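# Survey of secondary and tertiary structure
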Amino acid sequence: MIEIKLPDNSVKKYNEGVTGLEIAKSISNSLAKEVLAITVNGHLQDLTLPIEEDADVKLHKWDDQEGRHAFWHSSAHLMAEALEAIYPGIKLGIGPSIENGFYYDIDPGEHNISENNFPEIEKKMIELARQKNRFSRKEVTSEEALSRYKSEGNRYKTELLEEMENQTITFYNHGNFSDLCRGPHLPDTGYIKAVKLLNIAGAYWRGNEKNKQLTRIYGISFPKQKLLDEYLQMLEEAKKRDHRKLGRELGLFTFSEKVGPGLPLWLPKGAQLRERLENFLRNVQVEYGYQPVLTPHIGHKELYITSGHYDKYGESSFRPISTPIEGEEFMLKPMNCPHHCEIYKSSPRSYKDLPIRYAEFGTVYRYEQSGELHGLTRVRGFTQDDAHIFCRPDQLKDEFIKVIDIVFIIFNALDFSDFEIQVSLREKNGNDKYIGSDENWEKAENAILEATREKGLEVKVVYGEAAFYGPKLDFMVKDALGRNWQLGTIQVDYNLPERFDLEYTGSDNLKHRPVMIHRAPFGSMERFVAVMIEHTAGKFPLWLAPQQAVIISVSEKFNVYAKKVSNFLNNYDIRALIDDRNEKVGRKIRDNEMSRIPYLLIVGEKEESENTVSVRRQGEGDKGTMTLEQFASLIKKEVKSQIKT
RNA sequence: GCCGAUGUAGCUCAGUUGGUCAGAGCAGCUGAUUUGUAAUCAGCUGGCCGGGGGUUCGAAUCCCUCCAUCGGCUCCA
């Protein structure tokens, strides 16, 4: 007998060789039906694998990542089986599970596979799934595996095998399908009840553009049809919220082929929205001791050679522009920091001056390859809510804490309550790809960790993700649909102070090197607005909404009163316009609801005589009548509660 | 940049195998209506069918090429 300990610390005895599935069954039949994979002593494995000794185990169902991982991984195999059946001779690359579903990279050979073939493939997958073929695991020697794939002429698998040393090589088989795979897998294919192929795209073998491009097919699958339906509904919702669609419909921004791809044009309403965000941050920054600076959109090429950006952005970016007579070369700025460094250098600095915090909504230009542009989230010209803090090493922690505060002020005001924080540090076994002394790195890394600890933040620490010039702290927010976005970033930089030879005079009357912090709580205004649009589905918080209220006159007769109402509200700094079109009330309500105007105020005979408005809240319907004063104070109160820092 | 798809009025889309195929709805304009909580009615104006080249008696439709967009790959704010 062996002892199996479950996560609730209960211990049960089983015969040696008991399987996860049997353990589940011994607990309850319903659990046995739902369980998908098992972790045995920290190792995720098949439910059907015998357990030979005492172990801590955890059973995974659909509701945890490990369970879905096994499910989707098996689905990838199922898809590969279907593909091989329909397209004989294709070569398999890799087929992992991903955050939402799975994909398989294949070399289709002579076959041409497109979205049009998806229904056929899905049908085949379901047909194969219904056969409930068992997944079986088989350990083989490297030679066996190699000879098999060599005879098939599959150089992808061969390559993978050749790189695997001293590892157990396993194959997973089900039905007539067999694949090199680490597992784990479901007990059988019958678990997979619903399948949807999502898209097809080229993907370089192992992500390297020097390699051959394979065909990648993405899909998702579920243990119940209902879950697939829900997922598809969520995709529909995401489509409705797409900032590119809403940006056009709400008149926020546009693009013009003539102006150029990736160069957004902000329409009046979008510009208002963005300025409101900018001013909000400006006000916060004043409180936090930032000083605004302004710098030009271009800079001498030498500036970027000094900063090192020319190496990174020079060749792969917009070509330098040159003066007609002298032929001096200037670049569109890809970063604001070099300019800010020069501002720092414009005067001698004392340790008493530090920290110095320069803030600028600086527009930068970077060449992005044409296939990478995407609405406002990936553009060629964008504005960072940039600031650079020049401080002494001993001030790092305090400065970090202050920046974190600013980030939270913003997240609070904009209703981003779900986020992850990532600390990116050096690789553990330090190497020489990092600039700056070990001592300084350690100081900076500790400063970040202490700052986050002091703020009581839960952080994910990732080694090896730091930039070459310093460690960083990134904020990933989850939007209303649970999608992750990388927004704010705080980065320590030892590189630029070195390159620009920045100094301050210390209390010892000696020259010292300041540390620099780059930080952008929004990230970029373009991306942030895009995320805001998708997060709120265009229903911006009242304080941000370009137009807060619309006054709907029941008929022309009440336009004079409507004008009176709008004057009243405008005097209170409430952004209200009149809809005096010659339309019925129902029509005006519909149009303004669709324009996401937060408050609709209906005025007619009754309201005019009582000096009131009938209030309708966007998406919520009729709220009854109130006096103008009551309405104005309602708005004021709502705005105040939203931007409470 | 690469792979695949797409590109018809401001927007969303129809246009069968090349032969009155240049259409619809919404938006816009004009007029009527004077309206009470999610679309009032009527009329009208919009398009070199993404650009260029070719095949053909004839091209929105077939071919080539460029551009843009979309989905990915790589990278990043």
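Report on the accompanying structure. Computed from a prediction, not measured in an experiment: that's the story for all the values here. (Residues numbered from 1 in each chain as written. Chains lettered and ligands numbered in written order. Predicted model: local features only at pLDDT ≥ 70, side-chain atom pairs only at ≥ 80, totals over all residues. Heavy atoms only, no water.)

## Focus: the environment of Ala70
Formally: Per the convention used, a helix needs a DSSP run of H or I reaching at least four residues, while a strand needs a run of E reaching at least two, with both numbered from the N terminus. Whether two residues touch is decided by their heavy atoms; if any such pair falls within 4.5 Å, the residues are in contact.
Topologically, Ala70 is positioned in helix H3 (residues 65–86). Residues Ala70 and Gly101, 31 residues apart in the sequence, show an inter-C-alpha distance of 10 Å. Leave out the neighbours within four places in its chain, and Ala70 touches Leu36, Ala37, Pro184 and Leu186.

## What about the nonpolar core?
Let me state the cut-off plainly: As used in this record, nonpolar core signifies buried Ala, Val, Leu, Ile, Met, Phe, Trp, Tyr and Cys residues forming a set joined through side-chain atoms within 4.5 Å. Burial status follows relative accessibility: with a 1.4 Å probe on protein chains alone, a residue under 20% of its type maximum counts as buried, one over 50% as exposed, and anything between as partly exposed. What fixes the domain bounds is an automatic or database domain assignment.
Among the nonpolar cores identified, the biggest contains 82 residues, and Leu396, Leu414, Leu569 and Phe631 are the most heavily contacted of them. Considering each element in turn, this core owes the most residues, 12 residues, to helix H13 (residues 396–413). Looking at which domains feed residues into this core, each of domain 3 (254–293 + 336–536) and domain 5 (549–642) supplies at least three. When neighbours within four sequence positions are excluded, Leu414 is seen to be in contact with Leu277, Phe522, Phe528, Met532, His535, Pro541, Trp543 and Leu544.

## Describing the sheet that holds strand S7 (residues 55–60)
For the record, the criterion: When DSSP finds two or more bridges between two strands, those strands count as paired. Fitting a line to C-alpha atoms yields each axis, with helices limited to the stretch in contact; the angle taken between N-to-C directions then spans 0 to 180 degrees.
Reading across from one edge, S2-S1-S7-S4-S5 is the order of the five strands in this open sheet, with mixed pairing throughout. Each having just a single partner strand, strand S2 (11–14) and strand S5 (43–45) make up the two edges of the open sheet. Each neighbouring strand pair of the sheet contributes to a mean axis angle of 35°, computed without reference to strand direction. Where strand S1 (residues 2–5) lies against S7, two bridges are found, and the strand directions are parallel. Note that in S7 the partner of Ile4 across the bridge is Ala55. Running at roughly 120° to S2, helix H1 (residues 20–27) makes contact with S1, S2, strand S4 (37–40) and S7 of the sheet.

## Considerations on the pairing of strand S32 (residues 576–579)
Our working definition: Crossovers are marked right-handed if the path from the first strand over the helix to the second runs clockwise, as seen with the strands pointing away from the viewer.
By the bridge criterion, four bridges tie strand S31 (residues 549–553) to S32 in an arrangement that is parallel. Note on S32: the bridge partner recorded for Ala549 is Ala576. Handedness of the crossover is the feature at issue here: the chain leaves S31, passes through helix H17 (residues 559–571), returns alongside S32, and the resulting connection is right-handed.

## Some thoughts on helix H5 (residues 142–152)
Cut-off, in case you're wondering: Here, the arc refers to the directions that run from the helix axis to the C-beta atoms.
Among the residues making up H5, those that are buried are Ala145, Leu146 and Tyr149. Buried residues of H5, viewed axially, fall in a sector of 95°; they line one side. Set apart from the buried face of H5 by more than 90 degrees, the exposed residues are Glu143 and Ser151. Close packing links the buried residues of H5 with strand S11 (136–140), helix H6 (155–163), strand S12 (169–174) and strand S13 (177–180). Following H5 by one or two positions, Gly153 has its phi on the positive side, about 75°.

Purely spatial values, then, with no claim about function.
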